[in-house]
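Topology and contacts: notes
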Amino acid sequence: METPSWLPSFLPGTAIDDLVGVWHAHRTSLILCAFFVLVSIRILLYRHDEKVELITLKHIYHENEPRTASAQSISTPPEKTTATKSNGPRRIKGGLAKKPEREHVDLTRPIKLVVFFSSVTTKTDKIAREYLTSLDKAAQELSLETNRQFQNPELHDLSEIDFEDFFVSPPKSPDNACLFYLFLIPSYNIDTINDTLLQHMEETHHDFRIDTAPLASLFGYSVFGFGDKEGWPNEAEGFCFQAKELDKWMSKLTGRKRAYPVGMGDMTDDHAQRFAEWAAGIREVVCHFARNANLGEGVRGSGDAVESDEEDGADEDDEEGLEDGQSSEEQTTSRALDDVEDLGKMLRTTKDGENTGNPRAPLAVDFTTSGSSTKKKTQAQPPVVKEMVAKNSPTYAALTKQGYSIVGSHSGVKICRWTKSALRGRGSCYKYSLYGINSHQCMETTPSLSCSNKCVFCWRHGTNPVGTTWRWVVDPPEMIFEGVKENHYKKIKMMRGVPGVRAERFAEALRIRHCALSLVGEPIFYPHINEFLALLHAERISSFLVCNAQHPDQLAALKAVTQLYVSIDASNRESLRKIDRPLHRDFWERFQRCLDILREKRFRHRTVFRLTLVKGFNVEDEAEGYAQLVERGLPCFVEVKGVTYCGTSTSSNAGLSMSNVPFYWEVCEFVKALEKRLVAKGLKYGIAAEHAHSCCILLASERFKVDGRWHTHIDYKRFFELLEERGPDGEWTPEDYMGEPTPEWALWGNGGFDPRDQRVDRKGREIENTVVREQPPGEVW
């Protein structure tokens with residue numbers, strides 16, 4: 001047998017044979033023994049290292065312990081904490097890390113649940129009120145189960161409370177109840193009370209006069225968010241982003257007392273199921289607290305293990321302490337909204353070509369402003385110019401779902417229901433009765449989907465953008481004009497196969513003769529509105545432009561228009577604030593200036609005051625106030641129209657119901673009262689025409705009363721002749737293109753329904769055209 005090359009050469013052959021034999025006979029036992037020896041050695045070494053570490057910790061603890069501490073506390077070392085090892089350098093934090101102490105709660109203290117909600121479309125409002133009912137029942141059941149007193153839960157609409165009362169410090173109760181905050185928050189890509197609340201929480205957190213966790217005395221909180229995955233497909237793209245943002249700030253303000261994770265439900269799919277799961281979790285947590293006086297494992301303030309993932313490890317607030325030399329990528333904001341409605345929060349571009357080699361002087365700190373005042377403003381880059389309604393935005397999805405065709409990035413067109421009605425001979429809109437517009441030849445459009453008001457009666461479902469200044473991409477007027485015409489004709493052609501459409505009216509509808517610039521938003525907000533009007537007039541399309549009396553400079557610069565409307569929705573400052581909800585702080589001054597501009601234009605344009613009556617807002621006892629506004633502006637006409645309820649007529653946190661819609665006899669009574677006040681002031685106005693089906697009545701200046709007959713209709717052919725002869729800045733008066741006498745059927749007292757058409761109900765059955773102008777017996781005004 002040959003000697004293996006790996007054995008020593010000095011060993012005799014017999015010894016080698018013996019060793020090999022022993023190895024083959026006992027190799028399993030030998031391997032196991034070697035393994036156990038190695039494990040034993042490793043355990044001994046580990047225990048030795050642990051002992052050294054404990055001695056070191058004790059030494060550090062004694063070095064940092066205050067001299068006034070008791071001997072017992074000094075002799076007791078802190079509990080050892082474990083930490084995840086990192087490949088990078090350790091982050092050193094000052095101060096002595098201590099395990100959070102258990103909050104000692106008196107088990108005799110009552111428990112109170114406080115629910116907060118916000119709502120634009122009233123859906124969350126309904127869910128919140130139903131939840132309050134179930135919560136009240138659950139509180140009674142938990143009182144019996146846990147032998148703990150539960151007070152009646154409270155419900156608060158965020159738009160109706162003072163944030164200082166709830167979110168700077170918790171409200172005090174005489175019986176010192178343990179408070180839990182619950183939030184039901186839908187996420188919106190428009191400006192709502194949610195943005196105001198989040199801004200308030202951020203300012204509270206950063207206010208040096210207030211403790212960083214002023215709501216730490218709360219015993220827990222949780223948030224449930226409602227979203228729409230059709231607009232926000234997933235969390236990364238913004239699904240329930242405001243609910244998550246609220247959860248973050250509540251965590252900071254309470255010292256991380258998240259009683260239950262953020263719940264999220266899709267309003268178009270699974271919100272009921274997700275909400276039920278979240279509500280069940282809340283009940284379980286509250287029950288645990290009632291029995292054990294803590295929120296359980298993993299919650300700060302419970303006395304148990306803290307969360308394994310440090311929530312604010314690299315706190316977003318560190319952004320405010322960044323030094324001047326840091327890159328812009330490190331200075332991105334913690335909340336990156338990517339839609340057109342994030343007012344005042346524009347995305348910043350990356351600093352390109354910045355010379356970082358030269359040392360900079362220390363930054364001057366402005367202690368009079370809030371936010372990131374330490375950032376060097378002189379080096380700020382211009383904001384990124386975004387599209388008002390980008391094709392991948394929720395706003396685009398919401399508006400197209402409602403039937404709008406979006407043209408370019410900020411314009412829209414939609415076929416009016418009166419256009420459809422006129423095509424089938426079922427009646428035209430009030431503009432046909434009052435001014436002679438053929439509804440089937442009218443295009444309803446706007447070059448600006450953005451508005452500076454959030455009116456309570458707006459039926460755009462709160463989905464259009466809002467803003468006070470134009471900060472978006474500007475599309476050329478030629479592109480908008482061609483786009484809205486193309487999309488309008490497409491919608492008209494879709495009516496070809498609808499039962500009842502009259503062939504002659506369908507053929508006429510394929511030639512636009514009128515344009516109502518009142519679809520949504522604020523038309524004069526568009527920077528090139530005069531050029532757009534010129535394109536309309538070049539094809540002999542009349543222009544009916546409606547504005548909201550918040551842009552006096554643009555109104556003053558407006559050139560020729562067939563008829564100019566200004567919405568007059570309230571007679572005084574406070575009513576205007578409540579009903580129009582303007583964004584401009586100087587809204588009343590802007591409003592009054594617009595009235596003065598209309599007074600100057602009354603011999604140049606046909607001017608109209610449009611009053612939209614909303615019962616409970618601007619109807620009762622306001623005739624005198626409106627008379628004063630008419631006296632100031634002296635418009636050619638005053639339209640008084642009852643608000644239209646479309647089932648979901650809403651604006652920011654102010655939904656309407658049928659109780660806000662006045663009856664026609666109520667509108668008639670208001671118009672009579674207004675006419676009486678105008679006559680008393682010596683103003684020559686009278687009730688000229690009506691369209692009862694639209695709940696609309698027209699007061700006209702006697703400038704349009706010739707030989708005892710009203711002439712409220714327009715001679716459109718003459719208007720375009722004057723425009724071509726004298727140009728958009730030429731001099732002419734509204735009387736120069738006054739039309740034929742107003743038809744008898746349209747005059748006040750005759751209803752305003754074209755006898756050539758036939759009124760039908762929703763099932764297409766003919767109905768009698770009756771009008772009630774007097775208060776029925778038993779009705780209360």
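Per chain, the residues get numbers from 1 upward, laid out in the order the sequence is written. Owing to the predicted nature of the model, reporting of local features is limited to residues with pLDDT of at least 70; listing and counting of side-chain atom pairs is limited to 80 or more, with chain, interface and lining totals taken over all residues. Only hydrogens and water are removed before side-chain values are computed, so all heavy atoms of the structure are retained for them.

Focus: the overall build of the protein chain
- The helix and strand tally for the protein chain stands at 19 helices and 17 strands.
- Accessible area is worked out with a 1.4 Å probe on protein chains only. A residue is then buried under 20% of its type maximum, exposed over 50%, and partly exposed in between. Counting only residues that meet the buried cut, the protein chain has 48% of its 781 residues in that class.
- A separation threshold of at least 6 residues defines the contact pool for the protein chain, and within that pool the share at least 24 residues apart is 75%. Here a helix means four or more residues in a row that DSSP labels H or I, a strand means two or more in a row labelled E, and each is numbered from the N terminus. Whether two residues are in contact is decided by their heavy atoms, any of which lying within 4.5 Å being enough.

Thoughts on the sheet that holds strand β15 (residues 696-701)
- A pair of strands counts as paired when DSSP detects no fewer than two bridges linking them. Read from one edge of the open sheet, ten strands run β6-β7-β8-β9-β10-β11-β12-β13-β15-β14, paired in mixed fashion. What marks the edges here is a single partner per strand, and that holds for β6 (405-407) and β14 (685-691). With strand direction ignored, the average angle separating the axes of adjacent strands in the sheet is 25°.
- Strand direction decides the pairing type here: strand β11 (residues 563-567) and strand β12 (residues 607-613), joined by four bridges, are parallel. The residue of β12 that forms the bridge with S567 is R610.
- Interaxial angles span 0 to 180 degrees and are taken between N-to-C directions of axes, which are lines fitted to C-alpha atoms, for helices over the stretch in contact. Relative to the sheet, helix α17 (residues 623-633) contacts β12, β13 (637-642) and β14, its axis offset from that of β12 by approximately 165°.

With respect to the nonpolar core
- Among the nonpolar cores identified, the biggest contains 78 residues, and L536, L545, I568, L611, V640, F670 and L674 are the most heavily contacted of them.
- Excluding residues within four positions of it along the chain, L611 makes contact with I568, Y626, V638, E639, V640, K641, F670 and L674. Grouping buried Ala, Val, Leu, Ile, Met, Phe, Trp, Tyr and Cys residues that are joined through side-chain atoms within 4.5 Å yields what is termed a nonpolar core.

Here's the deal with the sheet that holds strand β2 (residues 154-157)
- Read across the open sheet, the five strands follow the order β2-β1-β3-β4-β5; overall the sheet is parallel. A single partner strand is all that each edge strand has here, and the edge strands are β2 and β5 (263-266). Each adjacent strand pair in this sheet contributes to an overall mean axis angle of 15°, direction not counted.
- Of the pairings in the sheet, the one linking strand β3 (residues 178-186) to strand β4 (residues 220-227) comprises seven bridges and is parallel in character.

Here we look at the pairing of β5
- Side-chain alternation along β5 places G263 and G265 on one buried face and M264 and D266 on a second face that is also buried.
- Examined bridge by bridge, β4 and β5 share four bridges and lie parallel to one another. Within β5, the residue paired with F224 across the bridge is G263.

Re unusual backbone geometry
- One non-glycine residue, R540, lies in positive phi territory at about 55°.
- Here R540 is to be found in the loop between α13 (529-538) and β10 (542-547).
- Accessibility expressed as a relative area gives 29% for R540, which makes it partly exposed.
- Residue D707 is not a glycine yet carries a positive backbone phi of 55°.
- Mapped onto the elements, D707 comes out in the loop between β16 (705-706) and β17 (709-710).
- Judged by relative accessible area, D707 falls into the exposed class, the value being 78%.

A few points about the packing of helix α11 (residues 477-493) against α13
- At a minimum axis distance of 9 Å, the contact between α11 and α13 shows a crossing angle of 45°. Relative to α13, α11 is oriented oblique. Remark: the crossing between α11 and α13 carries right-handed chirality. Together, P477, E478, I480, F481 and V484 of α11 and E531, F532, L535 and L536 of α13 make up the contact between the two elements.
- Considered class by class, the residues forming the contact of α11 with α13 number seven nonpolar, no polar and two charged. Reported orientations rely on four angle classes, namely roughly parallel under 35 degrees, roughly antiparallel over 145, roughly perpendicular from 65 to 115, and oblique for the rest. When the near helix sits turned anticlockwise from the far one by under a right angle, the crossing is termed left-handed; a clockwise turn instead gives a right-handed crossing. As a working rule, the residues Ala, Val, Leu, Ile, Met, Phe, Trp, Tyr, Cys and Pro are called nonpolar, Asp, Glu, Lys and Arg charged, and the rest polar, with Gly in that last group.

Quick notes on the side chain of H488
- Note that H488 resides in helix α11.
- Judged by relative accessible area, H488 falls into the buried class, the value being 1%.
- Non-local contacts of H488, meaning those with residues more than four positions away in its chain, are made with V413, C442, M443 and I512.

Describing the packing of aromatic side chains
- Put simply, two rings from Phe, Tyr or Trp (the six-membered ring, in Trp's case) pair if the centres are within 6.5 Å, and we call them stacked under 30 degrees between planes, edge-to-face over 60, tilted for the rest. Taken as a whole and judged by the stated rule, the model has 35 aromatic pairs.
- Arranged with centres 5.1 Å apart and planes meeting at 80°, the rings of F180 and F289 form a pair that is edge-to-face. In this pair, F180 sits in strand β3 while F289 sits in helix α7 (residues 271-292), placing the two residues 109 residues apart along the sequence. One exposure class covers both F180 and F289, and it is buried.
- Through successive ring pairs, a cluster of aromatic residues spans F116, F163, F166, F167, Y181 and F183.
- Put simply, a charge is over a ring when the Lys NZ or the Arg CZ is close to the ring centre, within 6 Å, and near the line of the ring normal, within 35 degrees. Seen from the ring of F219, K257 lies directly overhead, with NZ or CZ sitting 5.8 Å from the centre.

Concerning the pairing of β12
- Of all seven residues in β12, seven are buried; the element is thus mostly enclosed.
- Side chains of β12 alternate between two faces, with T607, F609, L611 and L613 and V608, R610 and T612 buried alike.
- Inspection of the sheet shows β12 paired to β13 by six bridges, in the parallel sense. Among the inter-strand pairings, L611 is bridged to a residue of β13, identified as V640.

Quick word on the pattern of salt bridges
- Just to be clear on terms, a salt bridge is a Lys or Arg side-chain nitrogen sitting within 4 Å of an Asp or Glu carboxyl oxygen. Tallied over the entire structure, the rule returns 30 salt bridges.
- For R540, the salt bridge identified is with E724, shortest N-O distance 3.1 Å. Taken as a pair, R540 in the loop between α13 and β10 and E724 in helix α19 (residues 716-726) lie far apart in primary sequence, 184 residues in all.
- Overall, the relative accessible area of 56% leaves E724 in the exposed class.
- A salt bridge links R632 to D596; its shortest N-O distance comes to 2.8 Å. Here R632 is found in helix α17, whereas its partner D596 is found in helix α16 (residues 587-601), with 36 residues between them in sequence.
- Assessed through its relative accessible area of 27%, D596 is described here as partly exposed.

With respect to the environment of N660
- Mapped onto the elements, N660 comes out in the loop between β13 and α18 (664-680).
- Ignoring sequence-local partners within four residues, the contact set of N660 consists of V614, K615, F617 and V643.

Remarks on the side chain of H713
- Looking at the secondary structure, you find H713 in the loop between β17 and α19.
- Residue class for H713 comes out buried when judged on its relative accessible area of 12%.
- Under the rule applied, a polar contact is a pair of N or O atoms within 3.5 Å (in protein, one hydrogen donor and one hydrogen acceptor; residues adjacent in sequence only if both atoms are side-chain atoms). One polar contact links the side chain of H713 to the main-chain carbonyl oxygen of S433, over a distance of 2.9 Å.
- Ignoring anything within four residues of it in the chain, the contact list for H713 reads Y432, S433, L434, Y435, G436, R606, M738, G739, E740, T742 and P743.

This is a description of form; function is not addressed.
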